[in-house]
Amino acid sequence: MKADISELPMSTCDKPMPLGHCLAQWARNYGDRIALINETGQCLSYAQLHDRVEHIASGLHAAGLRAGDHAMVHMPNTFGFFYSFFALLRVGVIPVMAMPNQREQDIDALMALAQPTAYFIPDDVGEHDYLTLAQRMQARHESLRLVVMDGDVEHETRNVQILTALKGSACPWPEQDGRDTAVLLLSGGTTGMPKLIPRTHGDYFYNFTASARLCGFDREMVFLAVLPAAHNFTLASPGVLGTFQCGGTVVTSVSASCDEAMPLIEKYKVTHVALVPPLAKLWVEGREWEDSDLSSLKLIQVGGARLEAGLARQLVDVIGCKLQQVFGMAEGLLCYTRLDDPLNTIIQTQGRPLSPKDEVRIVDEDDHDVPEGQAGQLLTRGPYTIRGYFRAPVQNASSFTEDGFYRSGDLVRRDANGNLIVEGRIKEQINRCGEKISTAEIEEAISLLHGVHVAAAVGVPDELLGERICVFIKPEGSQTIDPLHIKTALREGGLSDYKVPDQIETIFEWPLTAAKKVDKRRLVAVALQRASVSPDAKSSSYLHESMTTNAPPFELAVKVAEVIRHETINYVLYERHGEWTLGLECAMRITVDSDGTVCRSDGNSWRSTSVSESIEQALADIPFDNWRAYGRAEFEFAYLTYGLENPHSAGPLLTIVIPKSEIRIRLGTVQLRTLDSAEMPQLVAIVEAAEKNGLPRVDSPIALDVRSTGSVQYRDIVASAVQDMRQGRYQKVILSRAVEIPSGVDMVASYYAGRKSNTPVRSFLLKDGEFQAYGFSPEIVVTVDAEGNVATQPLAGTRALTGAPEKDQQLRKELESDVKEIAEHAVSVKLAVQEMLQACQAESVVVDEFMTVQERGSVQHLASHVKGVLTPGASAWTAFEKLFPAVTASGIPKREALESINRHEGRARGLYSGCVLIAESDGSLDAALVLRSAYRDAGRASLQAGAGLVPHSTPEREWEETCEKLTSVGPYLISSKEH
Ligand code: OOB
């Protein structure tokens, strides 16, 4: 069943050799040239890479691995991937190339098929625990003797070896033939069973050398590997192996997003990159705001899925370099558009075969060749195309013709110049972002779930993903299908994330073809139609439902957040006066940019004389009845309203979202409302699931020492600001410091634990894409009710709350009699009154509570309450603009304080000391100050706290105050590892 590699068209410099010899040859040829660079700037020369690999190969040999064994490599694009891959080849072990996003079900099935001796995993990546998976695999698969982890030596145990610590005496060279299997690649699959593709030394060597030549790879080139290196496209078409063959440099990136990959292009002068179409689309869109210098790029290759001509053209225009389309398959055949093809050919076709010896037939249902120019199934046979899958006799009988042609399942036609155009496919497969998913596999997984009678999966054209997975489910009896429940059950069953359906629809009557089979084409049409009527701003009024509940509101709110945590749902949870309101997903978004432009997600924008006026205009004709918006303002919003230069601003300064659905939880009742009636059952299901679930576990707190860093710097900036104030430059400023949280934070569990120990006026928990935050607001910045009554609550003057009544009483007395604290408080109240006067009728402004003591978690404050009534013509946003930022978190006068904060802190505060708010269609607004909070962005988490400085302040006391405040959140941080 091996491919015929005799008489492959090779040039003399590409003399074929077993893959295990290649690296040694490259080290001889290219020695000190840089082979690898990663995103943190670490470099390895060919000689160094070879040296490391020799050591590891010896270690693997010493650990008992032998030529002909199999080993699964399950790694992202790190150096560890390359060490593992080359070391295995060097020993003669056959790597089985798993994709980094595969999960337990896939890995388990692949192991059962390949029976690997060893399993190579990364250290913990994000939320996925590879080590536990490896241990489970070891318990299940007898063949698996060795787990090798690319991580710290401290993780070494009897069963787990650390990749870079492997050593042994020199490894013997294996005896190998060009026809022996070198690697096992993954097949996209059309059945519920995984398939492995045995690629031989000879055919794979040809694959990357001939491809590299065709694609103009040379010594000076720099290839950026953003797609998984384990995929044939990135690995060898020509990919990383093609680059090494020419002596070029490979830059590895674990992330493919343009804000991480594009700076790498600029930094390392990347010349070549390979993308799938959905990623290419994001890169084109990303160029609107990502302005890295991409002028080094010579060639962008796009393959793996159909590239629309429009996008192809945009790519050429926007990125401004040559494009090449690659139509390939792990089974072998590679088609490329040529570098010197006319632009039209590059944009309109998927190219022609790599080798003159590639045979391509285009056939009808009876395997007869179709007339030239017509579409039919692509059959192929050739020097580097397999003749059979690994250990799959049954599958091979249907995937290959008797005379050895591979049935690709792709529907193609050929133009007059021999270029192929992919028209579609006949195989039952979904191509989601270039990842191939078998419909049969999804259908089987779903059929096993409770309440499901039959399921049918289809690929539906999708703007973002190329194709999305839609599953139609016929329920058992009169059961209702809860999409959320289905997704959760699939994930819990270990289905890889990218295979979990994007759209789930209930169906009672299947559309049938003439042959009485389920008509999947019609299902695609139904899926498109149902998706287009459900979401977004189609409906103008909310559909309501209410439920009764015995659950305490706080606990139920937390449990609801737990239920939706695994979804890609964005939400804001806001607590006020014993009610927890949860806004889910976005029907409309309004943002304020750093230049004061207010943009609405329906494409409208405003730029009036004042920001508050622009916001009012944007909210004036919101097309939903009785809307309630959830928003957040970054501290830097203040620089805009004060007309100061803001050197830090990146994203929007204020974001207001009108949610698609809402859950309001009060004692005894839960009110649900949604703009999309189809989502009501899901909302009900979320609440029901929450009621049944337990509360988050809080038994794995993060040990965070709030005193461990920043002491010197903080004391220095305090001393500098005190000096400013003693020179009379301003009266008061709040300077803060951030504390990084070293390990992953479970935001929901931490909110739960923290809220139990805090007594805030408001609390919140929110998730917006990668950004998450929660916090316990000590004060409101401003509230405005529907009648125009405005209130603010300046808090200034702080002492600790220790929990020991006597000590706290003594501290309270101290607080109430300390001249410095009283003076600090009085000036804050005076400023609040002045600001209220700018939005309210003069005679209405009164201080109705003065200098009471309010307890807030681990601290107590002096607090006052100022109220007034809006002047005619002013809105809640006028008051917001005048009172923001809270004096408690900025200083006096605010303009000078802002300038001092900017100069001393030197970085954006973001949400810290900004606010989280609710605004309603009746003109009311409730904005809570964001302090005592935790923030998490793209996996990095932090806390931040400050102290109010006056001319008498001492660095020591203010440092202490930041520690006290950090103690309202720090001790309740819960590690995400347990969940
Ligand atoms: C590549 O390999 P696989 O094995 O993940 O997927 C192969 C299938 C093809 O049969 C075809 O259905 C689809 O992916 N495909 C394309 C395409 N390239 C692959 N469909 C339309 N247009 C294209 N340009 O995906 C692969 C392997 C090596 C190089 C490039 C892609």
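Residues numbered from 1 in each chain as written. Predicted model: local features only at pLDDT ≥ 70, side-chain atom pairs only at ≥ 80, totals over all residues. Heavy atoms only, no water.

Considerations on the overall build of the chain
At step 1: Looking only at helices and strands, the chain has 27 helices and 46 strands in total.
At step 2: Over its C-alpha atoms the chain spans a radius of gyration of 31 Å, differing by no more than 12% from the 30 Å that the globule rule assigns to 979 residues.
At step 3: Summarising its shape, the C-alpha atoms of the chain cover approximately 95 × 65 × 55 Å along the three principal directions.
At step 4: Sequence-distant contacts in the chain: of pairs separated by 6 or more residues, those separated by 24 or more amount to 71%.
At step 5: Accessible surface computed for the chain: about 38,700 Å², of which carbon and sulfur atoms make up 49%. (Helix = DSSP H or I, 4+ residues; strand = E, 2+ residues; numbered from the N terminus. Rg over C-alpha atoms; globule rule 2.2 N^0.38 Å. Contact = heavy atoms within 4.5 Å. Areas by Shrake-Rupley, 256 points an atom, 1.4 Å probe, with all protein chains shown as cover.)

Section: the site of the ligand
At step 1: What surrounds the ligand is a group of 20 residues, the closest being His231, Val326, Asp410, Lys427 and Lys436.
At step 2: Residue Val326 places a main-chain N or O atom 2.8 Å away from a nitrogen atom belonging to the ligand.
At step 3: One of the side-chain N or O atoms of Lys436 is found 2.9 Å from an oxygen atom in the ligand.
At step 4: Contact with the protein chains covers 95% of the free accessible surface of the ligand, which is 600 Å².
At step 5: Listed by contribution, the elements that provide at least two residues to the shell around the ligand are helix H7 (232-236) and strand E14 (322-328).
At step 6: Partitioning the shell around the ligand into residue classes produces eight nonpolar, eight polar and four charged. (Near = heavy atom within 4 Å. Polar contact = N/O pair within 3.5 Å; in protein donor to acceptor, adjacent residues only side chain to side chain. Nonpolar A, V, L, I, M, F, W, Y, C, P; charged D, E, K, R; others polar.)

Describing the UniProt feature "domain: AMP-binding enzyme C-terminal" (unreviewed entry) in the chain
At step 1: The sites that UniProt annotates as "domain: AMP-binding enzyme C-terminal" (unreviewed entry) are residues 441-517.
At step 2: Regarding residues 441-517, the helix share stands at 22% and the strand share at 32%, and the terminal C-alpha atoms are separated by 18 Å. (UniProt positions renumbered as here; feature names shortened; annotations may be inferred.)

Observations regarding the UniProt feature "domain: Chorismate-utilising enzyme C-terminal" (unreviewed entry) in the chain
At step 1: UniProt records the feature "domain: Chorismate-utilising enzyme C-terminal" (unreviewed entry) at residues 713-965, using the numbering of this structure.
At step 2: End C-alpha to end C-alpha, residues 713-965 measures 18 Å, and it is 34% helix and 35% strand.

Digging into the sheet that holds strand E13 (residues 299-303)
At step 1: If you trace the nine strands from one edge of the open sheet to the other, you get E2-E1-E11-E10-E12-E13-E14-E15-E16, paired in mixed fashion. Two strands bound the open sheet, and with one partner strand each, they are strand E2 (43-45) and strand E16 (352-353).
At step 2: Here E13 pairs with E14 via five bridges, running parallel. Bridge assignment links Gly303 to a residue of E14, and that residue is Val326.
At step 3: Across the sheet, helix H9 (residues 258-268) is in contact with strand E1 (34-37), strand E10 (222-225) and strand E11 (249-252); its angle to E10 comes to roughly 165°. (Pairing = 2+ DSSP bridges. Axes fitted to C-alpha atoms, helices over the stretch in contact; angles between N-to-C directions.)

Comments concerning the packing of aromatic side chains
At step 1: The full count for this structure, using the stated rule, is 29 aromatic pairs.
At step 2: The interplanar angle of 65° and the centroid separation of 6.4 Å between the aromatic rings of Phe79 and Tyr83 together place this pair among those described as edge-to-face. Of this pair, Phe79 and Tyr83 both sit in helix H3 (residues 79-91), four residues apart, which is roughly one turn of the helix. Exposure class is identical for Phe79 and Tyr83. Each is buried.
At step 3: Between the aromatic rings of Phe81 and Phe82, the centroid separation amounts to 5.1 Å while the plane-to-plane angle is 80°, which identifies the pairing as edge-to-face. The burial state of Phe81 is the same as that of Phe82; both residues are buried.
At step 4: Taken together, Trp26, Tyr30, Tyr46, Phe81, Phe82, Phe85, Phe86, Phe205, Phe208 and Phe244 form an aromatic cluster joined through their ring pairs. (Phe/Tyr/Trp six-rings, centres within 6.5 Å; stacked < 30°, edge-to-face > 60°. Buried < 20%, exposed > 50% of the residue type's maximum accessible area, 1.4 Å probe, protein only.)

Focus on the side chain of Asp808
At step 1: For Asp808, the position within the fold is in helix H23 (residues 805-817).
At step 2: Buried charge without a partner: Asp808 forms no salt bridge, and the closest opposite charge is Lys807, 7.5 Å away.
At step 3: A distance of 2.6 Å separates the side chain of Asp808 from the backbone nitrogen of Thr802, its partner in a polar contact.
At step 4: Excluding anything up to four places from it in sequence, Asp808 contacts Ala800, Leu801, Thr802, Gly803 and Gln860. (Lys, Arg positive; Asp, Glu negative; His and termini not counted. Salt bridge = Lys/Arg side-chain N within 4 Å of Asp/Glu carboxyl O.)

A closer look at the pairing of E13
At step 1: Burial within E13 is extensive, with five of its five residues counted as buried.
At step 2: Judged by which residues are buried, E13 turns out to be covered on both faces: Leu299, Gln301 and Gly303 on one side and Ile300 and Val302 on the other are all buried.
At step 3: In the sheet, strand E12 (residues 272-275) pairs with E13 via four bridges, with the strands oriented parallel. Within E13, the position partnered with Ala274 by the bridge is Gln301.
At step 4: Crossover connection from E12 via helix H10 (residues 277-286) to parallel E13: handedness right-handed.
At step 5: Read as a crossover between parallel neighbours, the route from E13 over helix H11 (residues 309-319) to E14 is right-handed. (Right-handed = clockwise from strand over helix to strand, strands pointing away.)

Observations concerning helix H25 (residues 876-883)
Every α-helix carries 3.6 residues per turn, so stepping three or four residues along brings you back to the same face.
At step 1: Burial analysis of H25 places seven of its eight residues in the buried class, the great majority of the element.
At step 2: Every buried residue of H25 is accounted for by Ala876, Trp877, Thr878, Ala879, Phe880, Glu881 and Leu883.

A short note on the domain arrangement of the chain
For interface size, the figure often reported is the accessible area lost on association.
At step 1: In terms of domains, the chain is made up of domain 1 (5-254), domain 2 (429-532) and domain 3 (711-972).
At step 2: Distance from the C-alpha centre of domain 1 to the C-alpha centre of domain 2: 34 Å.
At step 3: Each partner contributes residues to the interface: domain 1 has 12 residues there, and domain 2 has 15 residues.
At step 4: Carbon and sulfur atoms make up 38% of the area that domain 1 and domain 2 hide from each other, which totals about 1,000 Å².
At step 5: At the boundary of domain 1 with domain 2, the tally comes to one salt bridge.
At step 6: Residue Asp106 is joined to Lys499 by a salt bridge in which the shortest nitrogen-to-oxygen separation is 2.7 Å.
At step 7: Residues belonging to the side of domain 1 that touches domain 2 are distributed by class as follows: no nonpolar, nine polar and three charged. (Domains from an automatic or database assignment. Buried area = accessible area lost by both parts, 1.4 Å probe.)

Some thoughts on the state of the cysteines
At step 1: Applying the stated criterion across every chain, the model contains zero disulfides.
At step 2: Cys335 takes part in no disulfide bond, and the closest cysteine sulfur, belonging to Cys215, lies 12 Å away.
At step 3: On the basis of relative accessibility, which here comes to 0%, the residue Cys335 falls in the buried class. (Disulfide = S-S within 2.5 Å.)

With respect to the sheet that holds strand E25 (residues 503-506)
At step 1: Overall, mixed pairing links the three strands, which are arranged E23-E24-E25 in an open sheet. Two strands close off the open sheet at either side, each with one partner strand: strand E23 (452-462) and E25. Neighbour to neighbour, the strand axes of the sheet diverge by 25° on average, direction disregarded.
At step 2: Strand direction decides the pairing type here: strand E24 (residues 466-475) and E25, joined by four bridges, are parallel.

Section: the environment of Arg707
At step 1: Mapped onto the elements, Arg707 comes out in the loop between helix H20 (680-692) and helix H21 (711-726).
At step 2: The partly exposed category is assigned to Arg707, whose relative accessible area is 42%.
At step 3: Residues Arg707 and Cys915, 208 residues apart in the sequence, show an inter-C-alpha distance of 26 Å.
At step 4: For Arg707, the side chain forms a polar contact with the side chain of Glu960, separated by 2.8 Å.

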